[in-house]
Amino acid sequence: NQFLSTALSYSDPSAAFLDTKNRRDATINQMLDDIAPRIEAELADQPEVRASLERTIGAAYLSQNRVAEAERYLNAALQTQLQIYGDGHQEIALTLSHLASVQVAKSDYNRAMESLQKAIAIYRNRPPNDHTHLKAFADAIFQLSEINWTRGNFKDAESGFSEVLSIGSQLRGADREPVAD
């Protein structure tokens with residue numbers, strides 16, 4: 001909570017006591033560069049929280065097209081999650097999906113497909129009525145289908161897109177984005 005409060009203080013004009021000049025006008029990149037290195041030290045005794053924040057920071061770096069930083073934090077999150085949960089946990093699937101986006105950004109489609117296939121396998125092993133990460137499951141299938149489509153594997157792409165449509169009946173509101181796509 002304290003870590004998050006510090007991160008969010010970038011938009012607080014009364015945060016002048018903090019060491020970054022003009023924090024209120026700081027960019028997302030400046031904020032990420034300031035808080036990201038502190039994750040490991042400040043959350044060393046909370047590996048689940050640290051891994052979750054590393055995944056969030058990695059995704060934020062990716063949204064800023066800072067692929068190297070995104071890959072670094074997503075790999076760190078994945079390694080921590082593998083130590084905590086083993087290799088079949090849905091948190092790992094979420095991280096693998098983000099990592100696949102980094103791999104696509106690097107045009108490493110083979111590795112992206114491997115990451116997505118692992119994530120999808122994890123999602124397929126969830127209990128039948130567990131809808132916790134159903135949108136993420138649909139997103140992973142959609143992303144894999146896009147890669148298949150781009151690579152000319154139209155039959156695999158069509159199968160994946162059809163599965164996303166099938167899953168879509170269980171999604172609501174904004175979670176239906178993969179169906180629209």
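Structure: see above.
Throughout what follows, the structure given in this document is the object of discussion. What you see is a predicted model; the values in this text were computed from it and never measured.

## Considerations on the overall build of the chain
Counting secondary structure elements, the chain contains ten helices and zero strands. Burial status across the chain gives 41% buried among its 181 residues. Taking the intrachain contacts of the chain between residues at least 6 apart in sequence as the baseline, contacts between residues at least 24 apart amount to 54%. Within the structure as shown, the chain displays about 10,200 Å² of accessible surface, and the carbon and sulfur contribution to it stands at 49%.

## Some details on the packing of aromatic side chains
Within this structure, the stated rule accounts for four aromatic pairs. Both rings, one in Y61 and one in Y73, keep their centres 5.8 Å apart while their planes meet at 25°; by these two values the pair is stacked. Of the two residues, Y61 is situated in helix 4 (residues 47–63) and Y73 in helix 5 (residues 67–85); the sequence distance between them amounts to twelve residues. Among the residues examined, Y61 registers a relative accessible area of 3% and is labelled buried. Owing to a relative accessible area of 5%, Y73 belongs among the buried residues under this scheme.

## Quick notes on helix 5
The terminal C-alpha atoms of helix 5, which comprises 19 residues, lie 26 Å apart, in line with the 27 Å expected from a rise of 1.5 Å per residue. All of the buried residues along helix 5 are V67, A70, E71, Y73, L74, A77, L78, T80 and Q81. On its buried face, helix 5 is in contact with helix 4, helix 6 (90–105) and helix 7 (109–124). Just past helix 5, the residue G86 takes up positive phi, approximately 85°.

## Quick notes on the pattern of salt bridges
A side chain with one charge can pair with a side chain of the opposite charge if their charged atoms come near. As enumerated under the stated definition, the model contains nine salt bridges in all. In this structure, E42 and R38 form a salt bridge, with 2.8 Å as the shortest nitrogen-oxygen distance. Of the two residues, E42 and R38 both sit in helix 3 (residues 38–42), four residues apart, roughly one turn of that helix. On the accessibility criterion, R38 (24% relative accessible area) is partly exposed.

## Remarks on the packing of helix 5 against helix 6
When two helices pack together, their arrangement is given by the angle between their axes and by how far apart the axes lie. Running from amino to carboxyl end, helix 5 crosses helix 6 at an angle of 155°, the nearest separation of the two axes being 9 Å. Comparing the axis directions of helix 5 and helix 6 gives the class roughly antiparallel. Remark: the crossing between helix 5 and helix 6 carries left-handed chirality. Residues V67, A70, E71, L74, N75, A77, L78, Q81, L82 and Y85 of helix 5 touch helix 6, and the partners they reach there are E91, I92, T95, L96, H98, L99, V102 and A105. Of the residues assigned to the contact of helix 5 with helix 6, the class counts are twelve nonpolar, four polar and two charged.

Conventions we followed
Residues numbered from 1 in each chain as written. Predicted model: local features only at pLDDT ≥ 70, side-chain atom pairs only at ≥ 80, totals over all residues. Heavy atoms only, no water. Helix = DSSP H or I, 4+ residues; strand = E, 2+ residues; numbered from the N terminus. Buried < 20%, exposed > 50% of the residue type's maximum accessible area, 1.4 Å probe, protein only. Contact = heavy atoms within 4.5 Å. Areas by Shrake-Rupley, 256 points an atom, 1.4 Å probe, with all protein chains shown as cover. Phe/Tyr/Trp six-rings, centres within 6.5 Å; stacked < 30°, edge-to-face > 60°. Expected span 1.5 Å × (residues − 1). Salt bridge = Lys/Arg side-chain N within 4 Å of Asp/Glu carboxyl O. Axes fitted to C-alpha atoms, helices over the stretch in contact; angles between N-to-C directions. Parallel < 35°, antiparallel > 145°, perpendicular 65-115°, else oblique. Left-handed = near helix turned anticlockwise from the far one by under 90°. Nonpolar A, V, L, I, M, F, W, Y, C, P; charged D, E, K, R; others polar.

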